[in-house]
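Single-letter residue listing:
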Amino acid sequence: MTRSDLVEELANRFSQLTHRDAEFAVKAILDAMNDALVRGHRIEIRGFGSFSINRRPPRMGRNPRSGESVAIPEKRVPHFKPGKALRETVDQRTVELEAKTNP
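The present account deals with the structure reproduced in this document. Predicted model only: the values in this text are computed from it and were never measured.

**Notes on the pattern of salt bridges**
Stage number 1. Under the counting rule described, the total for this entry stands at 6 salt bridges.
Stage number 2. The partner of arginine 13 in a salt bridge is glutamate 9, with the nearest N and O atoms 3.0 Å apart. In this pair, arginine 13 and glutamate 9 both sit in helix α1 (residues 3-13), 4 residues apart, roughly one turn of the helix.
Stage number 3. Residue class for arginine 13 comes out exposed when judged on its relative accessible area of 63%.
Stage number 4. Look at the salt bridges and you will find they share partners, linking Arg42, Glu44 and Arg46 into a network.

Dropping the structure here:
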């Protein structure tokens, strides 16, 4: 699902929202999540999952072409951990779909 698919789904589910309002709502939510992660906060959405920042320490890598050692700096990367309800729902619905397609 892309961002535009999400906007379309929101506009279809809530008829009182125009397409522009749905687009604004999705953008506002994603911007707020982005800002929270940049500030180092953890985001928890009950029943869905949590977003946090993982630190990758600096390390030495190797250029595959020349074999030369390269210093790779420290990085902070976003991490998503699905919640129990999401994991169970995905697992159950996946099994149901497979049962329908492979009787």
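**Things to note about the nonpolar core**
Across soluble globular proteins, nonpolar side chains have a tendency to be buried as a group.
Stage number 1. Grouped together as the largest cluster of nonpolar side chains are 5 residues: Met33, Ala36, Leu37, Ile43 and Phe51.
Stage number 2. For this core, the element with the highest residue contribution is helix α2 (residues 19-38), accounting for 3 residues.
Stage number 3. In this view, isoleucine 43 contacts Met33, Ala36, Leu37, Gly49, Ser50 and Phe51; residues no more than four positions away in its chain are not counted.

About the criteria used
Residues numbered from 1 in each chain as written. Predicted model: local features only at pLDDT ≥ 70, side-chain atom pairs only at ≥ 80, totals over all residues. Heavy atoms only, no water. Salt bridge = Lys/Arg side-chain N within 4 Å of Asp/Glu carboxyl O. Helix = DSSP H or I, 4+ residues; strand = E, 2+ residues; numbered from the N terminus. Buried < 20%, exposed > 50% of the residue type's maximum accessible area, 1.4 Å probe, protein only. Core = buried A, V, L, I, M, F, W, Y, C linked by side-chain atoms within 4.5 Å. Contact = heavy atoms within 4.5 Å.

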